[in-house]
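# Overview (structure and organization)
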Amino acid sequence: DAGITQSPRYKITETGRQVTLMCHQTWSHSYMFWYRQDLGHGLRLIYYSAAADITDKGEVPDGYVVSRSKTENFPLTLESATRSQTSVYFCASSEPGTANTGEQYFGPGTRLTVT
Amino acid sequence: GENVEQHPSTLSVQEGDSAVIKCTYSDSASNYFPWYKQELGKRPQLIIDIRSNVGEKKDQRIAVTLNKTAKHFSLHITETQPEDSAVYFCAARNFNKFYFGSGTKLNVKP
(Lines give C-alpha, C1' and ligand atoms only; values in the text may rest on other atoms or scores of the structure.)
Protein backbone atom coordinates (compact mmCIF):
# COMPACT_ATOMS: atom_id res chain seq x y z
CA ASP A 1 0.00 0.00 0.00
CA ALA A 2 2.84 2.44 0.60
CA GLY A 3 3.40 2.35 -3.16
CA ILE A 4 0.56 4.74 -3.93
CA THR A 5 0.27 8.08 -2.18
CA GLN A 6 -2.07 11.05 -2.37
CA SER A 7 -1.65 14.66 -1.36
CA PRO A 8 -3.00 16.58 0.32
CA ARG A 9 -4.91 14.24 2.64
CA TYR A 10 -7.32 17.01 3.65
CA LYS A 11 -8.24 20.18 1.80
CA ILE A 12 -10.72 22.97 2.39
CA THR A 13 -11.28 25.39 -0.46
CA GLU A 14 -13.80 28.00 -1.55
CA THR A 15 -16.29 27.82 -4.38
CA GLY A 16 -14.74 28.90 -7.66
CA ARG A 17 -11.13 28.15 -6.77
CA GLN A 18 -8.92 25.77 -8.70
CA VAL A 19 -7.72 22.76 -6.75
CA THR A 20 -5.27 20.03 -7.75
CA LEU A 21 -5.13 16.66 -6.04
CA MET A 22 -1.94 14.68 -6.50
CA CYS A 23 -1.45 10.95 -6.91
CA HIS A 24 1.88 9.15 -7.12
CA GLN A 25 2.63 5.43 -7.49
CA THR A 26 5.97 3.65 -7.37
CA TRP A 27 4.99 0.35 -9.04
CA SER A 28 5.10 1.61 -12.65
CA HIS A 29 1.54 0.36 -13.11
CA SER A 30 0.11 1.19 -16.51
CA TYR A 31 -3.39 2.06 -15.36
CA MET A 32 -4.37 4.80 -12.94
CA PHE A 33 -7.83 5.86 -11.83
CA TRP A 34 -9.57 8.65 -9.97
CA TYR A 35 -12.76 7.96 -7.99
CA ARG A 36 -15.00 10.01 -5.79
CA GLN A 37 -16.82 8.45 -2.88
CA ASP A 38 -20.08 9.88 -1.62
CA LEU A 39 -22.50 8.38 0.86
CA GLY A 40 -24.98 6.11 -0.89
CA HIS A 41 -23.07 6.07 -4.19
CA GLY A 42 -20.11 3.87 -3.51
CA LEU A 43 -17.11 4.75 -5.67
CA ARG A 44 -17.67 6.45 -8.99
CA LEU A 45 -15.00 6.68 -11.66
CA ILE A 46 -14.06 10.22 -12.68
CA TYR A 47 -11.18 9.61 -15.12
CA TYR A 48 -8.71 6.89 -15.86
CA SER A 49 -5.46 6.54 -17.75
CA ALA A 50 -4.09 3.51 -19.57
CA ALA A 51 -0.56 4.92 -19.93
CA ALA A 52 1.34 8.20 -20.00
CA ASP A 53 -0.46 10.73 -22.22
CA ILE A 54 -3.54 8.49 -22.55
CA THR A 55 -6.61 9.46 -20.51
CA ASP A 56 -10.33 8.80 -20.80
CA LYS A 57 -13.53 9.81 -19.09
CA GLY A 58 -15.30 7.74 -16.48
CA GLU A 59 -18.85 7.99 -15.16
CA VAL A 60 -18.67 11.51 -13.65
CA PRO A 61 -15.99 13.59 -15.47
CA ASP A 62 -17.73 16.99 -15.60
CA GLY A 63 -15.81 19.73 -13.77
CA TYR A 64 -12.58 17.73 -13.60
CA VAL A 65 -9.39 17.70 -15.67
CA VAL A 66 -6.56 15.16 -15.59
CA SER A 67 -3.14 14.80 -17.12
CA ARG A 68 -0.51 12.09 -17.15
CA SER A 69 2.85 13.26 -18.41
CA LYS A 70 4.72 10.61 -16.38
CA THR A 71 3.68 7.03 -15.63
CA GLU A 72 3.95 7.50 -11.87
CA ASN A 73 1.85 10.68 -11.52
CA PHE A 74 -1.82 11.29 -12.21
CA PRO A 75 -3.02 14.70 -10.92
CA LEU A 76 -6.72 15.60 -10.78
CA THR A 77 -7.70 19.25 -11.14
CA LEU A 78 -11.00 20.86 -10.23
CA GLU A 79 -10.96 23.91 -12.47
CA SER A 80 -13.62 25.86 -10.56
CA ALA A 81 -14.67 24.02 -7.42
CA THR A 82 -18.34 23.69 -6.54
CA ARG A 83 -20.00 22.51 -3.32
CA SER A 84 -21.21 19.38 -5.11
CA GLN A 85 -17.56 18.36 -5.48
CA THR A 86 -17.20 18.01 -1.72
CA SER A 87 -16.24 14.36 -1.42
CA VAL A 88 -13.53 11.85 -0.63
CA TYR A 89 -11.29 11.26 -3.63
CA PHE A 90 -9.39 8.03 -4.13
CA CYS A 91 -6.65 7.39 -6.61
CA ALA A 92 -5.91 3.80 -7.68
CA SER A 93 -3.55 1.95 -9.95
CA SER A 94 -3.43 -1.46 -11.58
CA GLU A 95 -1.54 -3.55 -14.05
CA PRO A 96 -3.90 -5.14 -16.56
CA GLY A 97 -2.49 -8.63 -16.34
CA THR A 98 -4.08 -11.20 -18.56
CA ALA A 99 -7.43 -10.30 -20.10
CA ASN A 100 -7.49 -6.95 -18.30
CA THR A 101 -8.24 -8.50 -14.93
CA GLY A 102 -5.46 -6.96 -12.84
CA GLU A 103 -5.99 -6.13 -9.19
CA GLN A 104 -6.53 -2.47 -8.32
CA TYR A 105 -4.66 -0.77 -5.44
CA PHE A 106 -6.04 2.33 -3.73
CA GLY A 107 -4.32 5.34 -2.28
CA PRO A 108 -5.25 6.64 1.20
CA GLY A 109 -7.73 9.20 -0.11
CA THR A 110 -8.12 12.98 -0.04
CA ARG A 111 -11.02 14.53 1.84
CA LEU A 112 -12.02 17.69 -0.01
CA THR A 113 -14.47 20.24 1.37
CA VAL A 114 -15.72 23.08 -0.82
CA THR A 115 -17.28 25.94 1.15
CA GLY B 1 -21.86 1.47 -19.58
CA GLU B 2 -21.98 -1.16 -16.88
CA ASN B 3 -24.43 -0.98 -13.98
CA VAL B 4 -23.70 -2.80 -10.73
CA GLU B 5 -26.37 -3.17 -8.07
CA GLN B 6 -25.63 -4.39 -4.55
CA HIS B 7 -27.92 -5.70 -1.80
CA PRO B 8 -28.55 -5.34 1.03
CA SER B 9 -27.37 -1.85 1.94
CA THR B 10 -27.07 -2.84 5.60
CA LEU B 11 -26.68 -6.25 7.20
CA SER B 12 -26.58 -7.09 10.86
CA VAL B 13 -25.58 -10.58 12.03
CA GLN B 14 -24.64 -12.25 15.26
CA GLU B 15 -21.03 -13.25 15.76
CA GLY B 16 -20.47 -16.73 14.36
CA ASP B 17 -23.31 -16.51 11.83
CA SER B 18 -22.83 -16.29 8.08
CA ALA B 19 -23.28 -13.17 5.96
CA VAL B 20 -24.15 -13.03 2.27
CA ILE B 21 -23.95 -9.95 0.05
CA LYS B 22 -25.26 -10.05 -3.50
CA CYS B 23 -24.44 -8.05 -6.62
CA THR B 24 -25.78 -8.02 -10.15
CA TYR B 25 -24.21 -6.55 -13.25
CA SER B 26 -25.64 -5.65 -16.63
CA ASP B 27 -22.93 -6.14 -19.27
CA SER B 28 -21.86 -9.67 -20.17
CA ALA B 29 -18.48 -8.27 -21.32
CA SER B 30 -17.45 -7.66 -17.69
CA ASN B 31 -14.79 -10.23 -16.86
CA TYR B 32 -13.35 -9.54 -13.41
CA PHE B 33 -15.22 -9.12 -10.15
CA PRO B 34 -13.36 -7.95 -7.05
CA TRP B 35 -14.74 -7.42 -3.55
CA TYR B 36 -13.40 -4.70 -1.27
CA LYS B 37 -13.63 -4.12 2.47
CA GLN B 38 -13.50 -0.55 3.70
CA GLU B 39 -13.16 0.36 7.33
CA LEU B 40 -14.17 3.80 8.52
CA GLY B 41 -11.77 6.46 7.29
CA LYS B 42 -9.61 3.94 5.43
CA ARG B 43 -9.02 3.03 1.80
CA PRO B 44 -10.82 0.08 0.16
CA GLN B 45 -8.86 -3.14 0.48
CA LEU B 46 -9.25 -6.10 -1.84
CA ILE B 47 -10.40 -9.18 0.05
CA ILE B 48 -11.21 -11.60 -2.76
CA ASP B 49 -11.77 -11.55 -6.50
CA ILE B 50 -13.04 -13.85 -9.20
CA ARG B 51 -12.51 -14.00 -12.94
CA SER B 52 -15.26 -14.70 -15.41
CA ASN B 53 -13.96 -18.17 -16.27
CA VAL B 54 -14.34 -19.35 -12.66
CA GLY B 55 -17.57 -20.16 -10.82
CA GLU B 56 -16.39 -20.11 -7.23
CA LYS B 57 -13.36 -19.10 -5.19
CA LYS B 58 -12.68 -19.53 -1.51
CA ASP B 59 -10.13 -18.04 0.88
CA GLN B 60 -10.50 -19.27 4.46
CA ARG B 61 -13.80 -17.81 5.77
CA ILE B 62 -14.54 -15.83 2.61
CA ALA B 63 -15.93 -17.15 -0.65
CA VAL B 64 -17.26 -15.63 -3.83
CA THR B 65 -19.57 -17.23 -6.36
CA LEU B 66 -20.26 -16.09 -9.90
CA ASN B 67 -23.21 -16.96 -12.13
CA LYS B 68 -22.40 -15.57 -15.57
CA THR B 69 -25.70 -16.60 -17.08
CA ALA B 70 -27.70 -14.71 -14.50
CA LYS B 71 -25.06 -11.94 -14.23
CA HIS B 72 -24.79 -12.06 -10.50
CA PHE B 73 -22.07 -12.71 -7.97
CA SER B 74 -22.11 -13.05 -4.21
CA LEU B 75 -19.79 -12.71 -1.24
CA HIS B 76 -20.11 -15.24 1.55
CA ILE B 77 -18.50 -14.76 4.95
CA THR B 78 -18.74 -17.66 7.38
CA GLU B 79 -18.14 -17.66 11.14
CA THR B 80 -18.33 -13.87 11.25
CA GLN B 81 -16.27 -11.98 13.81
CA PRO B 82 -16.61 -8.41 15.15
CA GLU B 83 -13.57 -7.38 13.10
CA ASP B 84 -15.53 -8.23 9.94
CA SER B 85 -17.67 -5.16 10.64
CA ALA B 86 -17.06 -2.72 7.77
CA VAL B 87 -18.51 -1.59 4.47
CA TYR B 88 -18.13 -4.07 1.63
CA PHE B 89 -18.16 -3.13 -2.05
CA CYS B 90 -18.50 -5.31 -5.09
CA ALA B 91 -17.15 -4.19 -8.46
CA ALA B 92 -17.05 -5.28 -12.07
CA ARG B 93 -14.29 -4.55 -14.56
CA ASN B 94 -15.62 -3.71 -18.01
CA PHE B 95 -13.24 -2.65 -20.80
CA ASN B 96 -10.60 -1.22 -18.46
CA LYS B 97 -13.09 0.57 -16.21
CA PHE B 98 -14.26 -0.52 -12.76
CA TYR B 99 -17.90 -0.06 -11.76
CA PHE B 100 -18.77 -0.33 -8.08
CA GLY B 101 -21.87 -1.29 -6.17
CA SER B 102 -23.20 1.18 -3.60
CA GLY B 103 -21.87 -0.80 -0.65
CA THR B 104 -23.14 -2.96 2.21
CA LYS B 105 -22.56 -1.95 5.79
CA LEU B 106 -22.00 -5.16 7.75
CA ASN B 107 -22.39 -5.07 11.51
CA VAL B 108 -21.31 -8.15 13.44
CA LYS B 109 -22.74 -8.13 16.94
CA PRO B 110 -20.64 -9.83 19.66
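The sections below set out a description of the structure shown in this document.

What counts, and where the lines are drawn
- Residues numbered from 1 in each chain as written.
- Chains lettered and ligands numbered in written order.
- Predicted model: local features only at pLDDT ≥ 70, side-chain atom pairs only at ≥ 80, totals over all residues.
- Heavy atoms only, no water.
- Helix = DSSP H or I, 4+ residues; strand = E, 2+ residues; numbered from the N terminus.
- Buried < 20%, exposed > 50% of the residue type's maximum accessible area, 1.4 Å probe, protein only.
- Contact = heavy atoms within 4.5 Å.
- Buried area = accessible area lost by both parts, 1.4 Å probe.
- Salt bridge = Lys/Arg side-chain N within 4 Å of Asp/Glu carboxyl O.
- Polar contact = N/O pair within 3.5 Å; in protein donor to acceptor, adjacent residues only side chain to side chain.
- Nonpolar A, V, L, I, M, F, W, Y, C, P; charged D, E, K, R; others polar.
- Pairing = 2+ DSSP bridges.
- Phe/Tyr/Trp six-rings, centres within 6.5 Å; stacked < 30°, edge-to-face > 60°.
- Axes fitted to C-alpha atoms, helices over the stretch in contact; angles between N-to-C directions.

### Description of unusual backbone geometry
The omega angle of the peptide bond from Ser7(A) to Pro8(A) is -5°, so this bond is cis rather than trans. You can see Pro8(A) is positioned in the loop between β1 (4–7) and β2 (10–13). Along the chain, His7(B) connects to Pro8(B) via a cis peptide bond; the corresponding omega equals -5°. Along the chain, Pro8(B) turns up in the loop between β1 (4–7) and β2 (10–14). One non-glycine residue with positive phi stands out, namely Asp53(A), at about 70°. When you line up the elements, Asp53(A) lands in the loop between β5 (42–51) and β6 (54–57). Not every positive phi belongs to a glycine, and Gln60(B) is a case in point at roughly 55°. With relative accessibility at 71%, the residue Gln60(B) sits in the exposed group.

### Describing the interface of chain A and chain B
With 25 residues of chain A at the contact, the number on the chain B side is 20 residues. Of the roughly 2000 Å² buried where chain A meets chain B, counting both sides, 50% is carbon and sulfur surface. Across the chain A-chain B interface, the total number found is 0 salt bridges. Inspection of the region where chain A meets chain B yields 4 residue pairs in polar contact (both at pLDDT 80 or more). Split by residue class, the side of chain A that touches chain B holds 11 nonpolar, 10 polar and 4 charged.

### Here's the deal with the pairing of strand β10 (residues 97–100) of chain B
All names here are of chain B. Residues of β10 alternate between two faces, with Lys97 and Tyr99 on one and Phe98 and Phe100 on the opposite face, all of them buried. Bridge count for strand β9 (residues 86–94) against β10 is 4 bridges, and the pairing is antiparallel. Bridging from a neighbouring strand, alanine 92 pairs with tyrosine 99 of β10. In this structure, the hairpin formed by β9 and β10 is closed by a connection of 2 residues, where phenylalanine 95 is found at a positive phi of approximately 50°.

### A short note on the packing of aromatic side chains
Counting across every chain of the model gives 17 aromatic pairs over all chains. An angle of 55° between the planes, with centres 6.0 Å apart, marks the rings of Tyr25(B) and Phe73(B) as tilted. Of this pair, Tyr25(B) sits in strand β3 (residues 19–25) while Phe73(B) sits in strand β8 (residues 72–77), and the two are 48 residues apart along the sequence. A single burial state applies to Tyr25(B) and to Phe73(B), both of which are buried. Taking 5.6 Å as the distance between ring centres and 65° as the angle between the ring planes, the aromatic pair formed by Trp35(B) and Phe73(B) counts as edge-to-face. Taken as a pair, Trp35(B) in strand β4 (residues 32–38) and Phe73(B) in strand β8 lie far apart in primary sequence, 38 residues in all. When sorted by exposure, Trp35(B) lands in the same class as Phe73(B), which is buried. The structure contains a cluster of three or more aromatic residues connected by ring pairs, namely Tyr31(A), Phe33(A), Tyr35(A), Tyr48(A), Phe90(A), Phe106(A), Tyr32(B), Tyr36(B), Phe98(B) and Phe100(B).

### What about the pattern of salt bridges?
Residue and element names in this part refer to chain A. By the definition in use, this model includes 7 salt bridges over all chains. The residue arginine 36 makes a salt bridge to aspartate 38 at a minimum N-O spacing of 2.8 Å. With respect to burial, arginine 36 and aspartate 38 carry one shared label: buried. Residue arginine 44 is joined to aspartate 38 by a salt bridge in which the shortest nitrogen-to-oxygen separation is 2.9 Å. Accessibility expressed as a relative area gives 15% for aspartate 38, which makes it buried. Among the charged side chains, a salt-bridge network with shared partners connects Arg36, Asp38 and Arg44.

### Some points on the sheet that holds strand β7 (residues 64–66) of chain A
Residues and elements named next belong to chain A. The strand order across the open sheet built from 4 strands is β1-β3-β8-β7, with neighbouring strands paired in antiparallel fashion. Edge positions in the open sheet fall to β1 and β7, since each of these has one partner strand only. Put simply, the sheet's adjacent strands are angled 20° from each other on average, direction ignored. Bridge analysis of β7 against strand β8 (residues 76–78) gives 3 bridges, and the strand direction is antiparallel. Each bridged residue has a counterpart across the sheet, and for valine 66 the counterpart in β8 is leucine 76.

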